[in-house]
Amino acid sequence: PFIHLQDGVTVVENRGMDEINNVDDLAGKHIIAYPNAAEILKISDKVPAFASFKYRTKRVDQVGPLLAGRVDAVFADGLITAYYLQQLRERAKDGHEPHIQSALTTKFRKIFPKGPQRLYFRDKQLADDFNRCYDALAAANGINEITQPYIDEYRSVLDDQYPSF
């Protein structure tokens, strides 16, 4: 795997869900997730315990209801969610998202294992070259050097819950 996604739960702070440690802590809550998340995250058996569990394809449609107070939590990758939260907050400050409460602070909790994302090449030589370069970069801690600034930009949401590479 050349990158890892860290799925978890993002919630509004100070609403009694700041210290979520597992999916069971969200029983009775309203959840939004990306398509097929229940199957991918292996929580299909937990879904009946939620007050509601809805899929939204567009990331902005996943995080908007959280900042509008219509859902309790979002299941998705923390870094991607933090990015879209920032985008919506900016749009709200400019008056483009009147239903969004831009001052709400949010927190991400990693309650799922990180998931590998793979690249597939049709050309074996390209795959071998990529893997060789990637392995050399990883051995020199280059992956962390490249990714850390992007993670740090959203540290207020991610806290210590997003992995280094």
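Below, the structure is looked at part by part. (Residues numbered from 1 in each chain as written. Predicted model: local features only at pLDDT ≥ 70, side-chain atom pairs only at ≥ 80, totals over all residues. Heavy atoms only, no water.)

**Digging into the overall build of the chain**
Point 1. Secondary structure assignment for the chain yields 6 helices and 7 strands.
Point 2. Secondary structure of the chain in N-to-C order comes out as β-β-β-α-β-α-β-α-β-β-α-α-α.
Point 3. Expressed as lengths along the three principal axes of its C-alpha atoms, the size of the chain is roughly 50 × 40 × 30 Å.
Point 4. Counting over 165 residues, the chain shows a buried share of 38%.
Point 5. Sequence separation of at least 24 residues holds for 65% of the intrachain contacts in the chain that already meet a minimum separation of 6.
Point 6. If you sum the accessible surface of the chain, you get close to 9,400 Å²; carbon and sulfur atoms cover 50% of it.
Point 7. Of the charged side chains in the chain, 21 are positive and 23 negative; the average position of the first set lies 4 Å away from that of the second. (Helix = DSSP H or I, 4+ residues; strand = E, 2+ residues; numbered from the N terminus. Buried < 20%, exposed > 50% of the residue type's maximum accessible area, 1.4 Å probe, protein only. Contact = heavy atoms within 4.5 Å. Areas by Shrake-Rupley, 256 points an atom, 1.4 Å probe, with all protein chains shown as cover. Lys, Arg positive; Asp, Glu negative; His and termini not counted. Charge placed at Lys NZ, Arg CZ, Asp CG, Glu CD.)

**Observations regarding the packing of aromatic side chains**
Point 1. Summed over the entire model, instances satisfying the criterion amount to 9 aromatic pairs.
Point 2. With a centroid separation of 5.4 Å and an interplanar angle of 85°, the aromatic rings of Phe53 and Tyr55 are classed as edge-to-face.
Point 3. Classification of Phe53 as buried rests on a relative accessible area of 16%.
Point 4. Taking the relative accessible area as the measure of exposure, Tyr55 reaches 34% and is therefore partly exposed. (Phe/Tyr/Trp six-rings, centres within 6.5 Å; stacked < 30°, edge-to-face > 60°.)

**Brief notes about unusual backbone geometry**
Point 1. The phi dihedral of Asn36 falls on the positive side, at around 65°, and the residue is not glycine.
Point 2. Within the secondary structure, Asn36 sits in the loop between strand 3 (30-33) and helix 1 (37-40).
Point 3. Positive phi, close to 50°, is recorded for Asp159, a residue that is not glycine.
Point 4. Along the chain, Asp159 falls in the segment after helix 6 (155-158).
Point 5. With relative accessibility at 37%, the residue Asp159 sits in the partly exposed group.

**Let's talk about the sheet that holds strand 4 (residues 52-55)**
Point 1. As summarised here, the arrangement of the 5 strands in space is 4-3-5-2-6, forming an open sheet in which the pairing is mixed. Each edge of the sheet is formed by a strand with only one pairing partner; in this case those strands are strand 4 and strand 6 (106-109). On average, each strand axis in the sheet is inclined to that of its neighbour by 25°, with strand direction left out of account.
Point 2. As paired elements, strand 2 (residues 7-12) and strand 5 (residues 73-77) share 5 bridges and run antiparallel to each other. The partner of Val9 across the bridge, within strand 5, is Phe75.
Point 3. Along the sheet face, helix 2 (residues 59-67) touches strand 2, strand 3, strand 5 and strand 6 and points at about 150° away from the line of strand 5.
Point 4. Across the sheet, helix 3 (residues 78-93) is in contact with strand 2, strand 5 and strand 6; its angle to strand 5 comes to roughly 120°. (Pairing = 2+ DSSP bridges. Axes fitted to C-alpha atoms, helices over the stretch in contact; angles between N-to-C directions.)

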